2 protein chains.
Amino acid sequence: MVAQEARTVTLFDVATEAGVSLATASRALNGSARRVREDLRLRVLEAAAALNYSPNAAAQVVARGRSNLVGLLVHEIADPYFSAIASGVMGAAEKSGLLVTVASTGRDADREAVHIAAFRGQRARAVILAGSRLDDTVSLERLGQELVAFEGTGGRVVMISQSKLPVDTVVVENHAGARNLAETLVGLGYRRFAVLAGPPGLLTARDRLAGFRAGLAGADIHGDSVDVVRGGFDREGGYSAMNQLLDRGTEARCLFAVNDVMAMGAIAAMRERGLEVPRDMAMAGFGDFSMLRDITPTLTTVTLPLEDIGASALDLVFLERADKPRSRRIRGEVVVRASTPQR
Amino acid sequence: MVAQEARTVTLFDVATEAGVSLATASRALNGSARRVREDLRLRVLEAAAALNYSPNAAAQVVARGRSNLVGLLVHEIADPYFSAIASGVMGAAEKSGLLVTVASTGRDADREAVHIAAFRGQRARAVILAGSRLDDTVSLERLGQELVAFEGTGGRVVMISQSKLPVDTVVVENHAGARNLAETLVGLGYRRFAVLAGPPGLLTARDRLAGFRAGLAGADIHGDSVDVVRGGFDREGGYSAMNQLLDRGTEARCLFAVNDVMAMGAIAAMRERGLEVPRDMAMAGFGDFSMLRDITPTLTTVTLPLEDIGASALDLVFLERADKPRSRRIRGEVVVRASTPQR
DNA sequence: CTGGACGCGGAAAGCCTATTCCATTTCGCC
DNA sequence: GGCGAAATGGAATAGGCTTTCCGCGTCCAG
């Protein structure tokens, strides 16, 4: 028995096996503009199948000058908000024959830049940035440069959240959603509010707070009567902000947490003190991830069609780059549940 | 003004700019075995920075014959179980300078095969298969062939869940965990059990059921006194299985759902009928995703260190392929919470 | 019957990088 | 100072594929 060198089979092998040239084999396999006579085409296909040929994608990328990879940058893939978006992106990508490479940045602008550079190296077809930007001109500038470099390789850039850079964007209407929520809550009879507002620089958090305030203002409820507490944009942030609020005391009868997981943290903080939602405090969140309908009490929130958002982002990838960046606006919908009963 | 063709900058440009040869530039940039004189090295680095050079990863892959991509196959990225594992894999990958490409299979064996073929085309360094196998010899066989072909390109294969194929595996000790859980529940005073058991063919579900039964058998509680209902391995499955169980009536005082999201579905089904956990029925789950501590009541379960599982899988990627597949065993830990009070 | 248009296979160039193989320089040591 | 060994720069090649360009055969119109 001869020791077999496990060489991988190349297009050359397929061509030889089929008795045609490399060029013909290539054309037969990926149906180029040029046509190949039917019998040859079949011979090539058969040969490829017989040899279990799998084209070397890297070589194709080198030859074509572009890949079919899409880079998806999220803050944290384990966060249900991002994993739902990722699911939408990946579902749409599969339909379009694209592969999705995901990277978590942990909200770190530097790692973001590193990953974009890596995607540039991959000659990725596009990069999708999911997640809120910070209100930080320096890092925004830096990101912009990185993205320009990326576009220089022919790739597309799509952002999800705010339209702060001149790239196509799926804009989440945080302001409008929060305003509607405020109006709804006022309609339910609430007058005194507290807000767990997230970190100061985070645009998403800021927009939601501003929208909520705008909604209250429409009902003549003004800023000074609203208790605002800052905190991280995650469960822990909600938990500690709520503790802060409870420690210092509040007259609010209804709490708005600018993100659902913060609301969950807040509920946990209340429970530890023997307080109950909505008996001791009504509560509303924002962002709706599916698990929310299973917590007790079910939580009033503004639902966002996260998977659609991801899919929309991938749609934008296929548009030609234009001078004027386009945006798709996604509106959330207020859903009233048990946590905010009529007063 | 001259129309600028936006050609991407290549290694050749860097070499020219630095006044050295291509070979030297290459060696300077990725520190090969060969050394480059310090001043030249610095010149190259400067030139690269000045031109904002980013190596063409695809060309590197072609030249080196292997990539730094890791393919991760999950059933559904939006499922917290898988997104937590993905988070672990991605965190570890980043430390090792690897990129992670994720694909969702939706438990479809064909799509699984398609994706593995795609990863083979990418010359991925490794593919990690997360998620339970089905007890289906045909598709298992098919998968095995696909994986052999993948390994033929020099890639590594790591599975997470059961060790059913001759590849390195992170084995989740479902049987032992469920047995411990059963023993714990018996210790709390429960004697009559029902199980929401998941689909018949799914190995993970099967192992947990078998382990649970084994634990009960140790306490002389035998099969015929346990109500077993089949259902999907997700929230909907738990919901409908629970409805089935309640429709036909049961004497069980404690329910074991073989997976946490099924337990959540079951709780929802009970709530719709005005039933409460644990008053009307105690309940335990399996798999612990972090949100669980925030539902009411907090749920007894077997926690799995999902992020560690992902990280372990990536560890295995770096081991040399060996004749005997290795396995890392991961044991869950029983956590008793409010849903199963002492009786 | 002839000439041009068209269809199609094949040779070869090109994509970008890593690495081998020479050629030259540098260095250590007697 | 001279010699061999070690270090190091550079030309050329490899790697797998796509695509351009060339040339030949076929078909149809005149």
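Because the structure is a prediction, the values reported are computed rather than measured. (Residues numbered from 1 in each chain as written. Chains lettered and ligands numbered in written order. Predicted model: local features only at pLDDT ≥ 70, side-chain atom pairs only at ≥ 80, totals over all residues. Heavy atoms only, no water.)

A word on the protein's contact with DNA strand C
In step 1: Taken together, 27 residues are adjacent to DNA strand C, and A:Arg34, B:Leu11, B:Ser26, B:Tyr53 and B:Gln60 come closest.
In step 2: Within 4 Å of the protein, the contacting atoms of DNA strand C are 57% sugar and phosphate, with bases supplying the remainder.
In step 3: One of the side-chain N or O atoms of A:Arg27 is found 2.8 Å from a base nitrogen in DNA strand C.
In step 4: With respect to DNA strand C, the side chain of B:Arg64 contributes an N or O atom lying 3.1 Å from a phosphate oxygen.
In step 5: For the surface near DNA strand C, the secondary-structure elements that each account for two or more residues are helix 2 (22-30) and helix 4 (57-64) of chain A together with helix 2 (22-30) and helix 4 (57-64) of chain B.
In step 6: Here the surface near DNA strand C takes 5 residues from helix 2 of chain B, the largest share from any one element.
In step 7: Partitioned by chemical class, the residues of the surface near DNA strand C number 13 nonpolar, 7 polar and 7 charged. (Near = heavy atom within 4 Å. Polar contact = N/O pair within 3.5 Å; in protein donor to acceptor, adjacent residues only side chain to side chain. Helix = DSSP H or I, 4+ residues; strand = E, 2+ residues; numbered from the N terminus. Nonpolar A, V, L, I, M, F, W, Y, C, P; charged D, E, K, R; others polar.)

Describing the side chain of A:Gln122
In step 1: Mapping A:Gln122 onto the fold places it in the loop between helix 6 (109-121) and strand 3 (126-130).
In step 2: Exposure remark for A:Gln122: the relative accessible area of 13% places this residue in the buried category. (Buried < 20%, exposed > 50% of the residue type's maximum accessible area, 1.4 Å probe, protein only.)

Examining the pairing of strand 3 (residues 126-130) of chain B
All names here are of chain B.
In step 1: When you tally the buried positions in strand 3, you get 5 out of 5 residues, the bulk of the element.
In step 2: Where burial is concerned, the two faces of strand 3 agree: the one with Ala-126, Ile-128 and Ala-130 and the one with Val-127 and Leu-129 are both buried.
In step 3: Here strand 1 (residues 69-74) runs beside strand 3; their pairing, made up of 4 bridges, is parallel. The residue of strand 3 that forms the bridge with Gly-71 is Val-127.
In step 4: Here strand 3 pairs with strand 4 (residues 156-161) via 5 bridges, running parallel. Across the sheet, the residue bridging to Ile-128 is Val-158, located in strand 4.
In step 5: Chirality of the crossover, the property in question, places the unit of strand 3, helix 7 (residues 137-152) and strand 4 among those that are right-handed. (Pairing = 2+ DSSP bridges. Right-handed = clockwise from strand over helix to strand, strands pointing away.)

Thoughts on the protein's contact with DNA strand D
In step 1: The local shell around DNA strand D holds 28 residues, among which A:Leu11, A:Ser26, A:Asn30, A:Tyr53 and B:Arg34 are the closest.
In step 2: Atoms of DNA strand D within 4 Å of the protein belong to the sugar or the phosphate in 58% of instances, the rest to bases.
In step 3: Here a phosphate oxygen of DNA strand D sits 2.7 Å away from a polar atom, N or O, in the side chain of A:Asn30.
In step 4: Among the secondary structure elements, those contributing two or more residues to the surface near DNA strand D are helix 2 and helix 4 of chain A together with helix 2 and helix 4 of chain B.

Remarks on helix 12 (residues 306-318) of chain A
Since there are 3.6 residues in each turn of an α-helix, residues three or four apart along the chain are aligned in direction.
In step 1: Listing the buried residues of helix 12 of chain A in full gives A:Leu306, A:Ile309, A:Gly310, A:Ser312, A:Ala313, A:Leu314, A:Leu316 and A:Val317.
In step 2: Buried positions along helix 12 of chain A lie against strand 1 (69-74), helix 5 (80-96), strand 3, strand 4 (156-161), strand 5 (168-172) and strand 11 (327-330) of chain A. (Contact = heavy atoms within 4.5 Å.)

Some words on the packing of aromatic side chains
The description of two aromatic rings rests on the distance between their centres and on the angle between their planes.
Residues and elements named next belong to chain A.
In step 1: On inspection of all chains with the given rule, the structure shows 6 aromatic pairs over all chains.
In step 2: Summarising the aromatic geometry, the rings of Phe-193 and Phe-212 are spaced 5.6 Å apart at their centres and angled 85° between planes, so their arrangement reads as edge-to-face. Of this pair, Phe-193 sits in strand 6 (residues 193-196) while Phe-212 sits in helix 9 (residues 203-218); the two residues are 19 residues apart in sequence, bridging distant segments of the chain. Here the two residues Phe-193 and Phe-212 agree in accessibility, since each one is buried. (Phe/Tyr/Trp six-rings, centres within 6.5 Å; stacked < 30°, edge-to-face > 60°.)

Description of the environment of A:Pro200
Residues and elements named next belong to chain A.
In step 1: Looking at where Pro-200 falls in the secondary structure, it is placed in the loop between strand 6 and helix 9.
In step 2: The spatial distance from the C-alpha of Pro-200 to the C-alpha of Ala-269 is 22 Å, given a sequence separation of 69 residues.
In step 3: Beyond its immediate sequence surroundings of up to four residues, Pro-200 is in contact with Arg-206 and Arg-230.

Quick look at the domain arrangement of chain A
When the parts of a complex come together, some accessible area is lost, and that lost area is often used as the size of the interface.
Residues and elements named next belong to chain A.
In step 1: The assigned domain composition of chain A is domain 1 (11-55), domain 2 (67-172 + 307-331) and domain 3 (174-305).
In step 2: On the domain 3 side, the residues contacting the 15 residues of domain 2 number 12 residues.
In step 3: Note on domain 2 versus domain 3: buried area summed over both sides is about 1,300 Å², and carbon and sulfur give 60% of it.
In step 4: Taken as a group, Asp-135, Val-172 and Arg-331 account for 35% of the area that domain 2 buries against domain 3, more than any other trio of residues on that side.
In step 5: There are 1 salt bridge connecting domain 2 and domain 3.
In step 6: For Asp-135, the salt bridge identified is with Arg-206, shortest N-O distance 3.0 Å.
In step 7: Where domain 2 touches domain 3, the interface holds 10 residue pairs in polar contact (both at pLDDT 80 or more).
In step 8: Looking at the side of domain 2 that touches domain 3, the elements with two or more residues in it are helix 5 and helix 12.
In step 9: Looking at which element gives the most residues to the side of domain 2 that touches domain 3, the answer is helix 12, with 3 residues. (Domains from an automatic or database assignment. Buried area = accessible area lost by both parts, 1.4 Å probe. Salt bridge = Lys/Arg side-chain N within 4 Å of Asp/Glu carboxyl O.)

Overview of the environment of A:Ser26
In step 1: By the element assignment, A:Ser26 lies in helix 2.
In step 2: Considered as a pair, A:Ser26 and A:Phe233 are 207 residues apart in the sequence and their alpha carbons are 51 Å apart.

As for the relation of the copies chain A and chain B
Between the two copies of the chain lies a rotation about an axis combined with a shift along it.
In step 1: Under the fitted operation, chain A is carried onto chain B by 0.0 Å of movement along the axis and a turn of 180°, and the coordinates agree to an RMSD of 0.1 Å. Both chain copies can therefore be described as sitting about a two-fold axis. Considering only C-alpha atoms, the part of chain A nearest the rotation axis is A:Thr101, at 2.0 Å.
In step 2: Interface residue correspondence from chain A to chain B reaches 100%, placing this contact among same-surface, isologous pairings. (Least-squares fit on C-alpha atoms with pLDDT ≥ 70 in both.)

Notes on the layout of surface pockets
Rolled over the atoms, a probe as big as a water molecule pinpoints where empty space is left.
In step 1: Computed from the structure, the second largest pocket encloses a volume of approximately 1,000 Å³.
In step 2: Lining of the second largest pocket is provided by 41 residues; of these, A:Pro55, A:Asn56, A:Ala57, A:Gln60 and A:Arg64 occupy positions nearest its centre.
In step 3: Breaking the lining of the second largest pocket down by element, the ones donating at least two residues are helix 1 (11-18), helix 2, helix 4, helix 5 and strand 2 (99-104) of chain A together with strand 2 (99-104) and helix 6 (109-121) of chain B.
In step 4: Sort the elements by how many residues they give to the lining of the second largest pocket and helix 4 of chain A lands first, with 6 residues.
In step 5: Of the residues in the lining of the second largest pocket, the class split is 21 nonpolar, 15 polar and 5 charged. (1 Å grid on protein atoms, 1.4 Å probe; cavity = no way out; pocket = protein on both sides within 12 Å on 5 of 7 lines; lining within 4 Å. Points joined across faces, edges and corners; volume = space filled by probe spheres on them.)

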